[in-house]
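# Observations on the model geometry
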Amino acid sequence: MNDLVSKATFGFVMAQLFPGTIALFAISFSYSSWEPSQPAAVLAAATRVLVMWGGGSVAQQLFLVALSIGAGMLIHGLHWAVLGTLENCNAASIFDVPFHGRRVVLQIAVAPIHALKEIGCFLIVPKHIRYARMRENVPNIHKDLMPQFQWVQEFYLYSAQFFAHVSYALLIALFALVHFTLLHGATGRRIVLIATIYALIGVMFTLGRVQFASMFGAETDLAERSERLFAKDLVGLP
């Protein structure tokens, strides 16, 4: 029961629904910015969107939740395709590329731009979808090590997806806020808010990569240990 609650909370709500809601809210906020009646203050404009969301019927609320889930799954699919593209395009692991060899503070500072670069790489570089697919480690894991593999997945995957997906959703929020600022003018508070969201993207993106690096590293270790176990199984065959 606890395992089910954990998967529902961290695997679905935090890693899929929450980022999807952020992305959907940012799109609604940006779209509303074109309306003549839209307030010229960020907080008032955001409140107006939330009030509009909360005033719908039950059917509209359910549809809004479904849209948020769909947006979260879209982010999940995009992120996984980006990781697959990077794995196939780089001779080494994506965690060994020069960008991730810099100091963490520099990675955080450049992460939003780097994330956009990676998405562009996915859209332009692969000549076929097989160049964007991820190679899973699970086929290389021996059955005796499968409980450890599942523990690694449950310990790292949900938190890694949460950080990575939220960083993508905040990219949309950043564009929405910049769009609002271009329409209504720049103020000191808006510039600070834009800078804050930019920094949050960098932190979330970097923490996600740390989690994924830990997970993939542990999976690789288990796969290497599995090779020896598979060899012993072959020796024991009649």
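To keep things clear, this report deals only with the structure shown in the data block. (Residues numbered from 1 in each chain as written. Predicted model: local features only at pLDDT ≥ 70, side-chain atom pairs only at ≥ 80, totals over all residues. Heavy atoms only, no water.)

Across its full length, the chain holds six helices and zero strands. Expressed along its principal axes, the backbone C-alpha trace of the chain runs to roughly 80 × 45 × 35 Å. Burial statistics for the chain: of 238 residues in total, 40% are counted as buried. When the accessible area of the chain is evaluated, it comes to approximately 13,700 Å², of which 69% is carbon and sulfur surface. (Helix = DSSP H or I, 4+ residues; strand = E, 2+ residues; numbered from the N terminus. Buried < 20%, exposed > 50% of the residue type's maximum accessible area, 1.4 Å probe, protein only. Areas by Shrake-Rupley, 256 points an atom, 1.4 Å probe, with all protein chains shown as cover.)

Among the nonpolar cores identified, the biggest contains 51 residues, and Phe-29, Leu-170, Phe-212 and Met-215 are the most heavily contacted of them. Contributing elements (two or more residues each) for this core: α1 (2-32), α2 (42-54), α3 (58-89), α4 (104-124), α5 (146-184) and α6 (188-235). Broken down by element, the residue count for this core peaks at 18 residues, all from α5. With near-sequence residues (within four places) excluded, Leu-170 lies in contact with Ile-22, Ile-197, Leu-200, Ile-201 and Met-204. (Core = buried A, V, L, I, M, F, W, Y, C linked by side-chain atoms within 4.5 Å. Contact = heavy atoms within 4.5 Å.)

To continue, consider the packing of α4 against α5. Here α4 crosses α5 at 105 degrees, and the two axes come no closer than 11 Å. In terms of orientation, α4 and α5 fall into the roughly perpendicular class. Contacts between α4 and α5 involve Pro-112, Ala-115, Leu-116 and Ile-119 from the first element and Tyr-168, Leu-171 and Phe-175 from the second. Looking at side-chain class alone, the contact of α4 with α5 contains seven nonpolar, no polar and no charged residues. (Axes fitted to C-alpha atoms, helices over the stretch in contact; angles between N-to-C directions. Parallel < 35°, antiparallel > 145°, perpendicular 65-115°, else oblique. Nonpolar A, V, L, I, M, F, W, Y, C, P; charged D, E, K, R; others polar.)

Time to look at α2. With 13 residues, α2 should cover 18 Å at 1.5 Å per step; its first-to-last C-alpha distance of 18 Å lies within 8% of that length. Within α2 the residues assigned to the buried category are Val-42, Ala-45, Ala-46, Val-49 and Trp-53. Along α2, the residues classed as buried sweep out an arc of 100 degrees about the axis, all on the same side. Facing away from the buried side of α2 by more than 90 degrees, the exposed set consists of Leu-43, Val-51 and Gly-54. (Expected span 1.5 Å × (residues − 1). Arc of directions from axis to C-beta.)

Attention now goes to the packing of aromatic side chains. One pass over the full model with this rule turns up ten aromatic pairs. Judged by centre distance (5.7 Å) and plane angle (90 degrees), the rings of Phe-25 and Trp-53 are edge-to-face. On the criterion of sequence distance, the pair formed by Phe-25 in helix α1 and Trp-53 in helix α2 is long-range, its members being 28 residues apart. Judged by its relative accessible area of 16%, Trp-53 is buried. Centre to centre, the rings of Trp-151 and Phe-155 are 4.8 Å apart; their planes meet at 10 degrees, and the pair counts as stacked. Linking Trp-151 with Phe-155, this pair stays in helix α5, spanning four residues, or about one helical turn. Judged by relative accessible area, which is 48%, Phe-155 ranks as partly exposed. (Phe/Tyr/Trp six-rings, centres within 6.5 Å; stacked < 30°, edge-to-face > 60°.)

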